[in-house]
Amino acid sequence: MSDATHTHTSETVAVSGHHRTPGEERKVYFTVAVTQIVCAVLTVLARYWQLDSTALTIAFALLLPCISASLVACYLMHMLERKAVYMSMALTIPFFIAMIALPLWSDGNRPKGYHHATHYVP
Amino acid sequence: MQTATTHAPAHGHDHAHAHEHHEPGFFSKYIFSTDHKVIGIQYGITSLLFLFFGFSLMMAMRWQLAYPGKAIPVVGELLRKVLGDEMASGGVMSADLYNSFGAMHGTIMVFLAIVPLAFGAFGNYVTPLQVGAPDMAFPRLNMASYHMYFWGGVIMLASFFTPGGAAKSGWTSYSPLATLADTSNTINGQTMWLLGMVMLITSSLLGSVNLITTIIQLRVKGLTWMRLPFFTWAQFVTSFLLLLAFPPLEAAGLMQLADNLLKSSFFLPTGLVTSGGIVPVSGGGNPLLWQHLFWFLAHPEVYVLILPAMGIVSEVIANNTRKPLWGYKSMVYASIGLGFVSFIVWAHHMYLTGMGTTISTFFQTTTMIISIPSVIILTSLFISLWGGSIRFNTPMLFALAFLPMFGIGGLTGLPLGFNASDIFLHDSYYVIGHFHYVVAPGTIFALFAGVYFWYPKITGRFMNEILGKIHFFGSFVCMNLIFFPMFIQGLRGMSRRMYDGGSTYFGNGVDPGVLKLNEGILHAALALAFFQLFFIVNFFWSLYGGKKAESSNPWNATTLDWATPTPVPHGNFETAPTVYRGPYEYSVPGAARDFIPQDQKD
Amino acid sequence: MEIPYTVKPRPDTGLYNAKIGIWLFLASEVMLFGALFSSYILLRVGAPDGFWPDVPTAWPHGLLNVPLGTFNTAVLITSSMTVMMAWTALKENNFAKFRKFMTVTLLCAVLFLCIKGYEYNDKFTHYVIRLKDGSALTGHLEINGSSPRFWTEDTLAAKKLESVEVLQDIPTVLRYPSGFKHEEVAHEPGEHHIKREIKTADIQSLRPFVPATGTFFAIYFTMTFLHALHIIGGVLVMGYMTFVGGGMWKTEPERYTNRIESVGLFWHFVDLVWIFLFPVMYLL
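All values reported here derive from a predicted model rather than from experimental measurement.

Chemist: Tell me about the overall build of chain A, and name the residues and values.
Modeler: Each helix and strand in chain A was counted, giving three helices and zero strands. The order of α-helices and β-strands along chain A, N terminus first, is α-α-α. Taking all 122 residues of chain A together, the buried fraction comes to 40%. Restricting to contacts in chain A with at least 6 residues of sequence separation, those with at least 24 account for 58%. Here chain A displays about 6600 Å² of accessible surface, and carbon together with sulfur accounts for 71% of that area.

Now the structure itself:
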């Protein structure tokens, strides 16, 4: 979000800043969609590889969707084109991580002899 | 655009507007208006009414605490008639009614009174003016936001009349209590509470999207980020807090709604036993999950309550000391830092839940860190007073009182940030005292300052100074008489959840000398109510009888909100202003007057 | 004064008002679904070890239809692509082409909802049955050739049924890292169900796959239902814009294009949520 010391002469900035023709754009969208579907199928197949470690299983099941999601954000949503957009999304990331990680950490870090919160033992 | 005096009929087709102008009827002008100023006033009036209602609930509770089991004079009979014999038989408040009032006092004060007043009313009215915008970026969304808030409020009020009464599990609605408190009615007070909250959350989501967009997109030419008034900065940070902190509570609310209506077990653990035996649910849920999600919202919410207040106080102080704010930039950076850190301190509300030492160390550390930006802002405001030629008018008195009151509230929070001391203090009146010092003589005083300060811009007339000063001094004394004794009670160990005023807690008639204080607190609360009458009378009388504001900038202020005609016409500015300087150019050496408006060219 | 930048982008941000508005809304949506994912993790971590349904509060695996889920993912990805293609058609001033792509998008969305509805219905007719001897099994009931929804042991008592026919599931043999160990149900190769008659007197409890049956079902239904609500919202808005509000294309084409871009952004977000929801619910 740059300062507002703008001059009103720069009104000619393109609406979405991409320099491809609509035909080329459509090719990009098609390629993204195909890649995404391949990612989804690979995720399913990877699940049947019978990995031994929980961490690896989870990592595999989330890695490909992450790739898929980044493609959507970058090519379909044009997220990186505007500073105000990626700054507000970047702002959300730490809060998102805090939201996921801190309750989990708090859940795992308990004094000895405490029962887990989901199982009340009188 | 029309001028102040020729309000309606003069304008028409004499200027080339894309859309047609016509005189709006009563409904489209006052009820379904899309003008940010009308919506701001709607928010203001509705939230002041809720503020008074929430206060009334508390007065009834204070009577019960001071004189347990005695009928409440006059009001008790009214309660019995309205809510029925099982709630207030013979005019005596029942335990259920006490719990309901307690839960609803918190909910109404936080979500229906103070946030809408600070963010909805002042944010809506003042922020677009301060950035030089003709309106909010999305006027119809703005209207929808107010209507969501209004109906959310109606649902909350209606919940008093549902079978079993309003929600009675505290404003925090902790599960499993909230789910199990009233199992005899499917649609009970808690269900209504959750529905109301979903409406309120949606309302504040719409409001915050709107305000952020307005500030980013509609700033006029020359109004750079570091030329924004501090009030606008505070509203900007507040909007982000509302935008990102509220959705987790919405998620939690949906899950608790599922627990109540679909009998799921998100927050109900296995093997939960109540007086009726084992609770017949599938179990496996996590009660602490609710607390995490709730406090993920509710701690940033504290800063939603306090940041706009700081913004108002900054405007009033800069204007009435006739000096620039000291450390404007550090205040801005501090408020941004405050916003960030406020998201990672929430579990200091949960030390009592059997937290591990590592995670508790983490939250103690972040809690101590967050006091730094608050202290930066408060210190800057204090130093701003130094060497100023202070005008002690009513808004300034309220703003000045905010500083030490918020200071007491903040400092008494430190022992609550440490696990070791918090465990002793947490369930006591100490916490009540601490929180109310921040919000009641803190935020509410700042909001009063804002009402007195912007009243001449909104109506064209000043509020009466004498009535204002009686209101101020009366409130100032009473607030302290109410909340200071609570620290003493809390340190002596008086529980904050006892409906008989704590005597069962001490037991065997042993009173360490603090129960008597409840009577004093009640009388101070009644006196506080009396002094609010001066405000109410002043508020309405000044509409017609107040001293006329001779110019559209009666306080000689610098920011753009005072560059509009008074009363502010539809569209706000006659032509889009251009900003040439920072927000607080008071007493500039060599200048002709002691203030230079932001839109004045050199 | 008119509100500026409602259609044209503001030069220094490069955005028109609605675009930044919709992105901010998406940021809050990220937190909404983030909180639900966080709840999912916490509930799952808190579930005891063991195999569901033998351990009643253990985390169930493999109850959802993976091929259908994969297909639904592809459907949603396709709709996300076509909405962008519709937008580029508007950039080419080709309204007919735009309408064609939008129709495909809407059809995909409706197909997604239909498949989701089918899956929901399958869960409502799917039961976990606990017997008095302590064992537990899952399967569909078969009463007079149809499978009833939402029955419990009380329904059996009310209907005075002496026994019920159950199509018992054969657990998918998929090894789970938490230690998959389950008695194999004897079956012919290629067989998916075993028909079995169970006496009502032997049944301790009968529960359909609904939120009240366990936290897995609760979070599954909450998250997918909230996601489906977003889809319904998107369908209503896109359908309105394409078939009812299309007149704006003639009067204010640039504004109309912006609206399609904004609703497209929302639609991609709905797609994004599903991309994570699918592996988390169906595969892990």
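Chemist: So what's going on with the interface of chain A and chain B? Residues and values would help.
Modeler: On the side of chain B, 37 residues touch chain A, which itself brings 27 residues to the contact. Buried area between chain A and chain B, both sides added, is near 2700 Å², and the carbon and sulfur share of it is 73%. Put simply, chain A and chain B have zero salt bridges between them. Broken down by class, the residue content of the side of chain A that touches chain B amounts to 14 nonpolar, 10 polar and three charged.

Chemist: Describe in detail the interface of chain C and chain A, supporting the description with residues and values.
Modeler: By a widespread convention, an interface's size corresponds to the accessible area lost as its parts come together. Contacts between the two partners involve 63 residues from chain C and, on the opposite side, 59 residues from chain A. Between chain C and chain A, the buried area comes to about 5300 Å², and carbon and sulfur atoms account for 73% of it. In this assembly, chain C and chain A are joined by one salt bridge. Measuring nitrogen to oxygen at the nearest pair gives 3.1 Å for the salt bridge that ties Arg26(A) to Glu92(C). At the junction of chain C and chain A, the tally comes to four residue pairs in polar contact (both at pLDDT 80 or more). Here the side of chain C that touches chain A gets 16 residues from one element, more than from any other, and that element is helix 1 (residues 17-46) of chain C. Broken down by class, the residue content of the side of chain C that touches chain A amounts to 40 nonpolar, 13 polar and 10 charged.

Chemist: Please set out the domain arrangement of chain C residue by residue, giving values where relevant.
Modeler: Residue and element names in this part refer to chain C. With domains assigned, chain C is organised as domain 1 (17-122 + 213-283) and domain 2 (123-211). Once you take the C-alpha centre of each, domain 1 and domain 2 turn out to be 32 Å apart. Each side of the interface is counted separately: domain 1 has 19 residues, and domain 2 has 21 residues. Of the roughly 1800 Å² buried at the junction of domain 1 and domain 2 (both faces included), carbon and sulfur atoms supply 57%. Taken as a group, Phe 51, Asp 122 and Thr 213 account for 30% of the area that domain 1 buries against domain 2, more than any other trio of residues on that side. Between domain 1 and domain 2 we count one salt bridge in total. A salt bridge links Lys 123 to Asp 122; the shortest N-O distance between them is 3.2 Å.

Chemist: Explain the sheet that holds strand 3 (residues 163-169) of chain C to me, using residue names and the numbers behind them.
Modeler: Residue and element names in this part refer to chain C. The strand order across the open sheet formed by five strands is 4-3-2-1-5, and the pairing between neighbours is antiparallel. Only two strands of the sheet have a single neighbouring strand rather than two, namely strand 4 (193-199) and strand 5 (203-208). The mean angle between the axes of side-by-side strands here comes to 40 degrees, regardless of whether they run parallel or antiparallel. Note that strand 1 (residues 126-131) and strand 5 share five bridges and pair antiparallel. Bridging across to strand 5, Arg 130 finds its partner in Ser 205.

Chemist: Tell me what's going on with the nonpolar core, and back it up with residues and numbers.
Modeler: Phe101(B), Phe230(B), Phe402(B) and Met281(C) are the most contacted members of the largest nonpolar core, which has 298 residues in total. Among the elements that make up this core, the one with the highest residue count is helix 10 (residues 287-321) of chain B (22 residues). A domain split of this core shows at least three residues from each of domain 1 (17-122 + 213-283) and domain 2 (123-211) of chain C. Apart from the residues within four sequence positions on either side, Phe402(B) is in contact with Ile306(B), Ala309(B), Met310(B), Val313(B), Leu378(B), Gly407(B), Pro441(B), Gly442(B), Thr443(B) and Ala446(B). In this structure, Tyr127(C), Leu141(C), Val164(C) and Val166(C) belong to the second largest nonpolar core, which totals 13 residues.

Chemist: Outline the environment of Ser184(B), listing residues and values.
Modeler: Residues and elements named next belong to chain B. Within the secondary structure, Ser 184 sits in the loop between helix 7 (177-180) and helix 8 (189-217). As a C-alpha pair, Ser 184 and Ile 470 span 286 residues in sequence and 49 Å in three-dimensional space. A distance of 3.0 Å separates the side chain of Ser 184 from the side chain of Asp 182, its partner in a polar contact.

Definitions and limits used
- Residues numbered from 1 in each chain as written.
- Chains lettered and ligands numbered in written order.
- Predicted model: local features only at pLDDT ≥ 70, side-chain atom pairs only at ≥ 80, totals over all residues.
- Heavy atoms only, no water.
- Helix = DSSP H or I, 4+ residues; strand = E, 2+ residues; numbered from the N terminus.
- Buried < 20%, exposed > 50% of the residue type's maximum accessible area, 1.4 Å probe, protein only.
- Contact = heavy atoms within 4.5 Å.
- Areas by Shrake-Rupley, 256 points an atom, 1.4 Å probe, with all protein chains shown as cover.
- Buried area = accessible area lost by both parts, 1.4 Å probe.
- Salt bridge = Lys/Arg side-chain N within 4 Å of Asp/Glu carboxyl O.
- Nonpolar A, V, L, I, M, F, W, Y, C, P; charged D, E, K, R; others polar.
- Polar contact = N/O pair within 3.5 Å; in protein donor to acceptor, adjacent residues only side chain to side chain.
- Domains from an automatic or database assignment.
- Pairing = 2+ DSSP bridges.
- Axes fitted to C-alpha atoms, helices over the stretch in contact; angles between N-to-C directions.
- Core = buried A, V, L, I, M, F, W, Y, C linked by side-chain atoms within 4.5 Å.

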